[in-house]
Amino acid sequence: MTILVLGATGKTGRQVVARLREQGVDVRAASRSSETRFDWADQSTWAAAVRGIEAVYLVAPEDPAPIEPFVAQAVAAGVRRFVALSGRGMDKVMGRFGAGMAEAERAVRASGVGWTILGSNNFAQNFDEDLWYEPLLAGRLALPAGQLREPFVDVEDVAEVAATVLTSADHDGQAYELSGPEAITFAEAVETIAKVSGRPMEYVALTPAGYREELLAAGLPGEVADELNALFEIMREGHLTIPTGDVQRLLGRPPASFTAYAERVWAG
Ligand SMILES: NC(=O)c1ccc[n+]([C@@H]2O[C@H](COP(=O)([O-])OP(=O)(O)OC[C@H]3O[C@@H](n4cnc5c(N)ncnc54)[C@H](OP(=O)(O)O)[C@@H]3O)[C@@H](O)[C@H]2O)c1
């Protein structure tokens, strides 16, 4: 059995590759800069990526357009299962956010082969591998998150779930919701990282308009600023707040706490 891991250099894909290889599974790691070159924007790279593959870890691109043709090509080449990484609560999003993830959910459900959706809360690793890292290092993370609570999920748990689900047919037709064990405010998250790392850091609550202004001033395009504001609007509505039991059910142990993540990643 060979498993194709898309987004193989990314936050989750990198760890999915490592976990599957630890289990002795044959893995094809793919992305624009991986050992197998795969580019959503270049269909000529798809055939070699899907040849001889049984299951695909699907990390959706932002552009929904190539997803359905890719899924169709993969199924025609013999793929029997997709595990799609997505955002939790995409059914509440109604086109405001994550068009690529929504299309990936739709396309794998309609693929005619096995599928599982991993709808994830915000990753704890957004604080050290993504958009919130540079502002935190500069000592000020400013977001339109007010006092909203988010049960950040550790990417290591997402990857362990993905590796479990990719190698078993028991999860076909399931949509899981992956969260951490407790919902905390952004102020609490930043305070925890500051304490563990010993660096001065503060969380500043912005209005959506103030956030948009700051993103534009930092050079982000208007549509990216609007998309990020939509994500926080969905979070403020509370759709993602209550922790779920799916990581515990799937792994037989509780998900990692935010403090455990911070101590592993941010300690002095
Ligand atoms: N961050 C969160 O809190 C969160 C929560 C839930 C869901 N998600 C979803 O998770 C997905 C991102 O997954 P991630 O965080 O594991 O990855 P990531 O860290 O955002 O990295 C993106 C990956 O995609 C690859 N990639 C980028 N452009 C590509 C292209 N044109 N063709 C092929 N591969 C491409 C990159 O590798 P190369 O540069 O080598 O191509 C990299 O491996 C997104 O759909 C996001 O919406 C994120």
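This structure is a prediction, so every number in the text was calculated from the model and none was measured.

Procedures and definitions
- Residues numbered from 1 in each chain as written.
- Predicted model: local features only at pLDDT ≥ 70, side-chain atom pairs only at ≥ 80, totals over all residues.
- Heavy atoms only, no water.
- Near = heavy atom within 4 Å.
- Polar contact = N/O pair within 3.5 Å; in protein donor to acceptor, adjacent residues only side chain to side chain.
- Areas by Shrake-Rupley, 256 points an atom, 1.4 Å probe, with all protein chains shown as cover.
- Helix = DSSP H or I, 4+ residues; strand = E, 2+ residues; numbered from the N terminus.
- Nonpolar A, V, L, I, M, F, W, Y, C, P; charged D, E, K, R; others polar.
- Pairing = 2+ DSSP bridges.
- Contact = heavy atoms within 4.5 Å.
- Axes fitted to C-alpha atoms, helices over the stretch in contact; angles between N-to-C directions.

Draft legend 1. Inspection of the site of the ligand at higher detail. Taken together, 23 residues sit near the ligand, with Thr-9, Thr-12, Ser-31, Arg-32 and Ser-33 positioned nearest. The separation between an oxygen atom of the ligand and a polar side-chain atom of Ser-33 is 2.5 Å. For the ligand, whose free accessible area comes to 920 Å², the fraction covered by protein is 76%. For the shell around the ligand, the secondary-structure elements that each account for two or more residues are α1 (11-22) and β5 (81-87). Residue classes in the shell around the ligand are distributed as 8 nonpolar, 12 polar and 3 charged.

Draft legend 2. Just the sheet that holds strand β3 (residues 36-37), in detail. Taken in spatial order, the 7 strands line up as β3-β2-β1-β4-β5-β6-β9 in an open sheet, and their pairing is parallel. Among the strands making up the open sheet, the edge pair consists of β3 and β9 (174-178). Pairing geometry for strand β1 (residues 2-5) and strand β4 (residues 55-59), over 3 bridges, is parallel. For Leu-4, the partnering residue across the bridge sits in β4 and is Val-56. Against the sheet, helix α4 (residues 99-109) engages β4, β5, β6 (114-120) and β9, with an angle of about 155° to β5.

Draft legend 3. Region of interest: the environment of Ala-163. In this fold, Ala-163 is placed in helix α7 (residues 155-166). Taking C-alpha positions, Ala-163 is 6.5 Å from Arg-19, a pair spaced 144 residues apart along the chain. Look past the residues within four positions of Ala-163 in its chain and what remains in contact with it is Arg-19, Leu-20 and Gln-23.

Draft legend 4. How the structure looks around the environment of Leu-215. Position of Leu-215 among the secondary structure elements: in helix α9 (residues 208-217). C-alpha of Leu-215 to C-alpha of Leu-228: the two residues are 13 residues apart in sequence and 9.4 Å apart in space. Here Leu-215 is in contact with Leu-220, Ala-225 and Leu-228, once residues within four sequence places are set aside.

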